[in-house]
Amino acid sequence: IWVPPRHKLASTDNALITETASRLRMPAFLLMLIIFVSTALFMFRGPVTAQVPELIAPFELVGLGVKPDISSLAVRDLKVDYFGNLLRVRGAIINSGSFRAHAAPLLITIIDENEFVLAKERILPDERFIDFGGKTEFFLQIEVENASTAAVRVVMLAERLRPSFF
């Protein structure tokens, strides 16, 4: 009985593919790890830079701005004192999130009873970072005509932190 010869090429092709796959396994794993770490740093750069402020400069160098996450911050204990035309605004920003956060800049608007804007001030809180469950104070003293009839609005700004802020 005649038996056709088996082709050894098929087994050598499989061996070649297996050898190539085993050699590429480690570089592929390292590439996937680098992609995973880069994506995590990009997505969570706010909490990461709040924990390690030294990473703010590299993010800025690459062109990725760092913004505070105002969804986990709240303005509390707002107190307004009037002394003639002198207006003093005090309060605190509380971090209700699970991680340390950047303290957001504040826009304080002083309006009269007719909703006319008397003054606007952009201020920075006392601390740059707020621990989870913690708070930081802010204070503004400004001279405004008819300060005793004025109302105050405090808004947190989710804007890119300026280099002087860190």
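Keep in mind it's a predicted model, so treat the numbers as computed, not measured.

So, how was this worked out
- Residues numbered from 1 in each chain as written.
- Predicted model: local features only at pLDDT ≥ 70, side-chain atom pairs only at ≥ 80, totals over all residues.
- Heavy atoms only, no water.
- Patch = residues over 30% accessible without salt bridge, like charges linked within 9 Å, V, L, I, M, F, W, Y side chains within 5 Å.
- Areas by Shrake-Rupley, 256 points an atom, 1.4 Å probe, with all protein chains shown as cover.
- Salt bridge = Lys/Arg side-chain N within 4 Å of Asp/Glu carboxyl O.
- Helix = DSSP H or I, 4+ residues; strand = E, 2+ residues; numbered from the N terminus.
- Pairing = 2+ DSSP bridges.
- Axes fitted to C-alpha atoms, helices over the stretch in contact; angles between N-to-C directions.
- Core = buried A, V, L, I, M, F, W, Y, C linked by side-chain atoms within 4.5 Å.
- Buried < 20%, exposed > 50% of the residue type's maximum accessible area, 1.4 Å probe, protein only.
- Phe/Tyr/Trp six-rings, centres within 6.5 Å; stacked < 30°, edge-to-face > 60°.
- Lys NZ or Arg CZ within 6 Å of the ring centre and 35° of its normal.
- pLDDT = per-residue confidence, 0-100.
- Contact = heavy atoms within 4.5 Å.

Visitor: Describe a nonpolar patch on the surface, listing the residues and the values that go with them.
Guide: On the surface, Met26, Phe29, Leu30, Leu33, Phe36, Val37, Leu41, Val52 and Leu55 cluster together into a nonpolar patch covering about 810 Å² of accessible area. Tracing the chain through its elements places Leu33 in helix 1 (residues 9-43).

Visitor: Quick one: what's the story with the pairing of strand 2 (residues 86-95), residue by residue and with numbers?
Guide: Both strand 1 (residues 73-83) and strand 2 contribute to a ladder of nine bridges, which runs antiparallel. Along strand 2, the bridge assignment pairs Val80 with Val89. Inspection of the sheet shows strand 2 paired to strand 7 (residues 135-143) by nine bridges, in the antiparallel sense. When the sheet's bridge partners are listed, Leu87 is paired in strand 7 with Ile142.

Visitor: Residues and numbers for the sheet that holds strand 7, please.
Guide: Read across the open sheet, the three strands follow the order 1-2-7; overall the sheet is antiparallel. The two strands at the open ends of the sheet, each matched to only one other strand, are strand 1 and strand 7. Neighbouring strand axes in the sheet, compared pairwise and without regard to direction, differ in orientation by 15 degrees on average.

Visitor: Just give me the short version of the nonpolar core, but keep the residues and values in it.
Guide: Grouped together as the largest cluster of nonpolar side chains are 22 residues, with contacts concentrated most on Ile108, Ile110 and Phe138. Every element with two or more residues in this core is listed here: strand 2, strand 4 (106-111), strand 5 (117-123), strand 7 and strand 8 (151-156).

Visitor: If you had to explain the packing of aromatic side chains to someone new, which residues and values would you point to?
Guide: Overall, the coordinates contain zero aromatic pairs when judged by the stated rule. Sitting over the ring of Phe42, Arg45 keeps its end group 4.9 Å from the ring centre.

Visitor: Now, about the pattern of salt bridges: what can you tell me, with residues and values included?
Guide: A complete count under the given rule lists eight salt bridges for this structure. As a salt-bridge pair, Glu19 and Arg23 come within 2.8 Å of each other at their nearest N and O atoms. A residue pair is termed a helical-turn pair when its members lie 3 or 4 positions apart in one helix, as Glu19 and Arg23 do in helix 1 at four residues. Look at the salt bridges and you will find they share partners, linking Asp77, Lys135 and Glu137 into a network.

Visitor: Quick one: what's the story with the confidence of the model for the protein, residue by residue and with numbers?
Guide: Per-residue pLDDT for the protein has a mean of 86; in total, 92% of the residues score no lower than 70. Looking over the protein, one finds the lowest element-wise mean pLDDT in helix 3 (residues 56-62), namely 84, and the highest in strand 4, namely 94.

Visitor: Account for the side chain of Thr109, naming residues and giving values.
Guide: Relative to the assigned elements, Thr109 resides in strand 4. Discounting residues that sit within four places of it in the chain, Thr109 has contacts with Val117, Ala119, Lys120, Ala151, Val152 and Arg153.

Visitor: Describe the sheet that holds strand 4, and please don't skip the residues or the numbers.
Guide: Spatially, three strands are ordered 5-4-8 in an open sheet, and the strand pairing comes out antiparallel. In this open sheet, the two strands that pair with only one neighbour each are strand 5 and strand 8. Shown here is a sheet whose adjacent strand axes are inclined to one another by a mean of 15 degrees, direction ignored. Relative to strand 8, strand 4 runs antiparallel, the two sharing six bridges.

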